[in-house]
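So the chains spell out like this:
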Amino acid sequence: MAARRKSTLAGGQVLVVNMIPRSLSRETNQDSEPSITVNPARPLEIVGTAFTGDPMGGAFAPIYLSSDGGNTWRLNSIVPSAAGSALGTGDISLAFGSTGNRLYGGILRDPTFNFETLRVAAAGGTTAMQTLGSRPDNDQPFTHAISKSARDRVYIGNNDFQAAPRTATVDVSANGRTAQAVFKSVRVETRSTVGQDGPQIRPVAHRDGTAYAAYYGWRAQSGSFPGNTLVVTTDVVVVRDDKGATTGATPFRNLVDPSDGQPGRLVARNIRIPFNRNGSPATGQQRLGGTLSVAVDPRTNQSATVYLAWADQPPQSMLTIHVRRSTDRGVTWSPADLFTAANATNAALAINNAGVVGLLYQQLTGTGATRRWVTHFRQTSDGVNWADLVLSTAPANVPPRRSIRTWATTTTSSPSAGTSTGSSRRTTPRTRRTSPTGSSTSATPILPLTGCWRSTAPPRWRRRSIRSSSRSRANRRAIAGGLSMDEVFPVLAGVIVGLVVPTVVPSRLRWLVAVVLSVVLGVTASWISGELAVSTVYILIDVAQVLGASLATWVLVTAWRRRSARAA
Amino acid sequence: MTPTARSGALADRARFVFQATVKKVKATTLKSMAATDRTIVVRVDRVIQSPETLSDYAGHEVTVQLGPGERVRPGQTLIFYTNGWVFGDSLAVQSIGHEEATTPKVAAMSPFPEDPVRNLHSSEAMAQASQADLIVTGRVTSVRVPAGEARARAKAMAGGGTTERISEHAPVWQEAVIDVDETHKGPGRHKQVVVRFPSSTDVRWYHAPKFQTGQEGVFLLHKQQVPAAAAKAANLVALKAPEYTALHPGDFQPLEQLPQIRMAASASAARRRAAPRSRKAAPRSRPAARRAGKRGR
């Protein structure tokens with residue numbers, strides 16, 4: 001482990017950890033969409049995932065593995081992938097059974113992006129995860145597992161385009177431990193859709209057999225996805241099965257909405273969410289597409305208590321997270337939000353075995369170039385009082401899509417490499433690098449380790465303008481030429497100002513005009529070089545360059561004129 | 001196999017190639033890993049070929065798991081051809097072969113002596129060239145939405161829908177029209193080729209080349225690269241005859257790589273020419289041998 005530090009959290013402790021193993025301190029991958037799961041049978045065993053390829057281009061993508069409660073980490077390449085894959089894996093979500101140490105998962109496998117269901121007996125072994133099933137045309141698998149009577153019930157929410165127009169699906173295995181574990185695809189949507197549902201289908205289950213799933217039921221749309229203007233009108237739906245969804249022809253139909261008599265409680269109706277193809281400066285570069293998380297109280301006789309977090313886009317907010325609770329198995333929900341966060345996304349709820357609710361989310365603060373992504377971890381025991389701990393705060397405009405100088409000199413951080421499930425890394429191609437045996441200077445990765453969270457909820461929607469190592473090299477090559485070109489404009493502008501002002505402008509106004517022109521041209525230089533998007537500090541640098549060049553030229557021209565006059 | 005050919009074959013299969021001095025046998029640098037008869041500790045003297053993440057390992061000790069039959073002694077200086085194994089508090093790699101380190105051998109393996117990452121990329125570019133169906137040099141004259149897709153999009157949007165499934169992984173296909181200067185591999189001579197590429201920067205597609213008007217270089221193009229089912233799922237419609245795809249980051253190379261790409265292309269073409277001959281020769285030779293056998297009896 002490269003770096004650690006301790007902080008406090010509501011009487012507990014937070015261990016700050018860099019999950020990148022020391023031997024890979026030089027890596028610069030963005031490692032997007034992090035998620036984390038704890039082995040309930042061995043709480044010191046933690047598995048993290050991200051879009052991380054095998055460092056040597058092997059045929060299996062790695063998981064991040066800690067066997068000592070997060071103190072040290074190593075990569076274990078056991079996820080099916082393809083040799084040479086830079087990506088490692090597409091969407092990935094893993095979960096342990098509550099007993100037996102088996103690790104289950106759903107991935108979109110690189111390069112086909114087929115949805116594959118996976119299992120391995122031990123996360124730390126050298127045996128690769130076994131593919132139990134595979135099919136194309138799918139999105140965002142999300143895994144939950146729970147053990148009961150020496151059986152592992154495995155639920156993998158997924159958006160199955162083969163089931164269009166009702167795509168919301170949960171693949172259920174009644175016993176993932178059997179040699180040839182079979183998953184049944186349960187279609188949880190029963191209402192009309194716009195042609196598909198949203199990609200987030202989130203299952204969760206209780207030991208008593210109760211299983212819930214939440215999804216966005218898409219009802220209408222406007223705008224264009226390729227044009228990045230798509231807005232979806234959607235319901236937030238919760239379905240329930242009282243027998244674990246393992247029996248019967250039509251599971252997940254125990255919860256009926258009183259308004260239309262259809263299965264699935266409509267917790268929110270006709271809300272609007274943007275569904276972006278690309279992020280923008282206004283969204284802190286984040287692609288927006290809703291966020292959804294559900295958690296059930298794992299304590300005995302508490303399966304009726306369910307927390308739900310979702311997001312919509314009310315006026316004046318980029319995206320607003322709402323948290324509500326049901327204490328009667330999803331039949332009725334708190335009439336108002338228990339918690340609301342404006343301009344926020346990537347919600348992840350979990351309830352530990354003490355009944356404490358944890359909510360992780362990321363919030364965009366500030367305006368313009370001062371926007372920051374702030375990652376919050378909140379805790380509540382009553383749904384009313386929410387303790388807050390800020391896990392990280394990072395500039396929202398870096399790394400920019402095109403800014404050569406930024407790539408070279410600034411510490412970068414992004415929500416996509418962020419902290420929504422408790423794992424956080426900064427991606428700092430230049431400043432974070434350390435020797436393989438040295439200690440990292442990375443500042444803020446935080447892993448909350450207060451108790452054993454029964455469910456984890458990886459956020460599934462992130463900005464993904466990922467930089468590969470080859471790309472960073474290309475950028476660095478560009479830096480060599482780009483830096484010098486960035487300086488040409490302010491210096492040249494300064495020379496022109498120095499030549500023109502003493503000649504054309506009346507002497508009493510020369511200083512004023514020279515300063516004003518230097519400021520204007522300095523700002524222009526920062527703007528056209530793209531540096532303004534990074535930091536306003538570059539204005540000072542460029543203004544100083546223009547002013548310096550103009551004064552130098554002015555002095556030289558004046559000296560040359562005096563000399564010429566004397567000679568004449 | 002000649003020593004040079006052996007080195008080349010090993011280097012093709014290894015991602016991390018380095019010159020190292022053996023420090024200890026039956027030892028390891030990782031706390032979490034028990035030493036075995038096959039694990040040794042070496043000090044890396046020079047990195048010859050590596051991914052960027054490991055390019056600064058010179059001077060550091062790493063664990064090497066020897067392959068079956070490999071034997072080393074402390075103090076030996078060797079070139080190790082390895083792939084990844086364990087990435088923890090230290091690095092452990094698996095050897096697929098080693099050989100004595102000599103100055104000419106190390107020099108021969110390092111076309112870019114100060115840049116092991118470039119050596120690896122160069123090797124990958126060669127592999128990509130051998131797999132390409134068409135290699136041309138030229139420049140991109142325009143980038144456009146495929147005509148059929150543009151029409152379908154307009155029609156679908158008028159009806160309030162979209163042509164693609166709404167997914168963050170949608171490729172959002174575009175076409176680049178390339179004016180060809182020269183064809184280095186592939187059938188016929190082309191004045192112009194059309195390349196389909198995903199414009200999406202989603203995690204699934206971000207590494208695919210994003211062509212821009214005016215872009216000039218070497219284009220390593222492929223016929224349909226996606227299996228039929230996945231192609232249907234990804235809305236990758238059937239390509240017309242002169243259309244190709246570019247999905248791999250190595251499918252576009254700078255012009256400076258051209259000499260090596262040409263070599264790789266000619267080598268693969270030679271192999272291709274040789275393969276049908278041997279395939280054709282085999283059926284003829286077997287009956288001939290049978291006939292000869294009968295005659296012999």
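How each quantity is defined
- Residues numbered from 1 in each chain as written.
- Chains lettered and ligands numbered in written order.
- Predicted model: local features only at pLDDT ≥ 70, side-chain atom pairs only at ≥ 80, totals over all residues.
- Heavy atoms only, no water.
- Helix = DSSP H or I, 4+ residues; strand = E, 2+ residues; numbered from the N terminus.
- Buried < 20%, exposed > 50% of the residue type's maximum accessible area, 1.4 Å probe, protein only.
- Contact = heavy atoms within 4.5 Å.
- Areas by Shrake-Rupley, 256 points an atom, 1.4 Å probe, with all protein chains shown as cover.
- Expected span 1.5 Å × (residues − 1).
- Arc of directions from axis to C-beta.
- Polar contact = N/O pair within 3.5 Å; in protein donor to acceptor, adjacent residues only side chain to side chain.
- Pairing = 2+ DSSP bridges.
- Axes fitted to C-alpha atoms, helices over the stretch in contact; angles between N-to-C directions.
- pLDDT = per-residue confidence, 0-100.
- Core = buried A, V, L, I, M, F, W, Y, C linked by side-chain atoms within 4.5 Å.
- Phe/Tyr/Trp six-rings, centres within 6.5 Å; stacked < 30°, edge-to-face > 60°.

**Student:** Please clarify how the overall build of chain A should be interpreted in this entry.
**Tutor:** A count of helices and strands for chain A gives four helices and 27 strands. Counting the 568 residues in chain A, one finds 61% classified as buried. Long-range contacts, defined here as pairs at least 24 residues apart, represent 57% of the contacts in chain A between residues at least 6 apart. A total of about 20400 Å² of accessible surface is found on chain A, and carbon and sulfur atoms cover 56% of it.

**Student:** Help me understand helix α3 (residues 510-528) of chain A, please; the structure alone is not making it clear to me.
**Tutor:** Residue pairs spaced three or four apart in an α-helix point in one direction, given the helix's 3.6 residues per turn. All names here are of chain A. The first and last C-alpha atoms of α3 sit 26 Å apart over 19 residues, in line with the 27 Å expected at 1.5 Å per residue. Turning to α3, its buried residues are Ala-514, Ser-518, Gly-522, Ala-525 and Ser-526. Projected down its long axis, α3 carries its buried residues within an arc of 90 degrees, all on one side. In α3, the exposed positions angled more than 90 degrees off the buried face are occupied by Leu-512, Trp-527 and Ile-528.

**Student:** Just checking my understanding: could you explain the side chain of Thr-169 of chain A for this structure?
**Tutor:** Residues and elements named next belong to chain A. By the element assignment, Thr-169 lies in strand β13 (residues 168-173). Polar contacts involving the side chain of Thr-169 include one to the main-chain carbonyl oxygen of Thr-167, which spans 2.8 Å. One polar contact links Thr-169 to Arg-187, side chain to side chain, over a distance of 2.9 Å. The contact partners of Thr-169, leaving out residues within four places of it in the chain, are Arg-135, Ile-156, Gly-157, Asn-158, Asp-160, Ser-185, Val-186, Arg-187, Val-188 and Ile-201.

**Student:** What is the right way to look at the sheet that holds strand β25 (residues 372-380) of chain A in this model?
**Tutor:** Across a sheet, paired strands are connected by hydrogen bonds in the backbone, their directions being either parallel or antiparallel. All names here are of chain A. Strands sit in the order β23-β24-β25-β26 across an open sheet of four strands; the sheet is antiparallel. Only two strands of the sheet have a single neighbouring strand rather than two, namely β23 (344-351) and β26 (387-395). Within this sheet the neighbouring strands show an average axis-to-axis angle of 15 degrees, counted without direction. Sheet topology places β23 next to strand β24 (residues 357-365); six bridges connect them, and they run antiparallel. Looking at β24, one finds that Ala-344 is bridged to Gln-363.

**Student:** Just to check I follow, could you spell out the confidence of the model for chain B for this structure?
**Tutor:** Low pLDDT marks regions whose predicted coordinates should not be analysed in detail. Residues and elements named next belong to chain B. For chain B, mean pLDDT is 82; residues scoring 70 or higher make up 79% of the total. This model gives residues 278-297 a pLDDT under 50, and the stretch forms zero contacts once residues within four places in sequence are excluded. Interface scoring of the predicted complex returns ipTM 0.80; its pTM is 0.76.

**Student:** Is there a simple way to think about the nonpolar core in this case?
**Tutor:** Generally speaking, nonpolar side chains in soluble globular proteins are found buried as a group. One finds Tyr-216, Leu-308, Trp-310 and Ile-321 of chain A to be the most contacted residues of the largest nonpolar core, which totals 47 residues. No other element matches strand β20 (residues 306-312) of chain A, which puts six residues into this core. Of all hydrophobic cores here, the second largest spans 31 residues; its members include Ile-46 of chain A together with Phe-18, Leu-78 and Leu-91 of chain B.

**Student:** I tried to follow helix α3 (residues 116-131) of chain B on my own but got confused; where do I start?
**Tutor:** For α3 of chain B, which comprises 16 residues, the first-to-last C-alpha distance of 23 Å matches the rise-based estimate of 22 Å (1.5 Å per residue) to within 8%. Among all positions of α3 of chain B, only Pro-116, Val-117, Asn-119, Leu-120, Ser-122, Ala-125, Met-126, Gln-128 and Ala-129 of chain B are buried.

**Student:** Looking at this model, I keep getting lost on the environment of Leu-118 of chain A. Mind explaining?
**Tutor:** Residue and element names in this part refer to chain A. Inspection of the secondary structure assignment puts Leu-118 in strand β9 (residues 114-120). Accessibility expressed as a relative area gives 0% for Leu-118, which makes it buried. A sequence separation of 58 residues divides Leu-118 from Gly-176, and the C-alpha atoms of the two residues are 9.7 Å apart.

**Student:** Please explain the packing of aromatic side chains as it appears in this structure.
**Tutor:** Two numbers describe a pair of aromatic rings. These are the distance of the centres and the angle of the planes. For the structure on display, the rule yields 13 aromatic pairs over all chains. Relative to Phe-275 of chain A, the ring of Trp-218 of chain A lies with its centre 5.1 Å away and its plane at 80 degrees, an arrangement referred to as edge-to-face. Highlighted residues: Trp-218 of chain A in strand β16 (residues 211-222) and Phe-275 of chain A in the loop between β18 (265-274) and β19 (292-296), separated in sequence by 57 residues. With respect to burial, Trp-218 of chain A and Phe-275 of chain A carry one shared label: buried. Residues Phe-197 of chain B and Phe-211 of chain B carry aromatic rings whose centres are separated by 5.3 Å and whose planes lie at 85 degrees to one another, so their mutual orientation is edge-to-face. Of this pair, Phe-197 of chain B sits in strand β8 (residues 192-198) while Phe-211 of chain B sits in the loop between β8 and β9 (216-221), and the two are 14 residues apart along the sequence. Since its relative accessible area comes to 3%, Phe-211 of chain B is described here as buried.

**Student:** Explanation requested: unusual backbone geometry in the structure shown.
**Tutor:** Peptide bonds are, in most cases, trans, and in most cases residues other than glycine have a negative phi. Residues and elements named next belong to chain A. Of note, the bond from Asp-110 into Pro-111 is cis; its omega dihedral lies within 30 degrees of zero at 5 degrees. Following Ala-164, the chain continues to Pro-165 via a peptide bond in cis, the omega torsion being 10 degrees. Mapped onto the elements of the fold, Pro-165 is located in the loop between β12 (151-160) and β13. For Asp-31, which is not a glycine, the phi torsion comes out positive at approximately 50 degrees. By the element assignment, Asp-31 lies in the loop between β2 (12-17) and β3 (35-39). A relative accessible area of 5% places Asp-31 in the buried class. Backbone geometry at Asn-343 places phi at a positive 50 degrees, although glycine is not the residue there. Following the sequence through the fold, Asn-343 ends up in the loop between β22 (339-341) and β23. Residue Asn-343 is classed as partly exposed on the basis of its relative accessible area of 25%.

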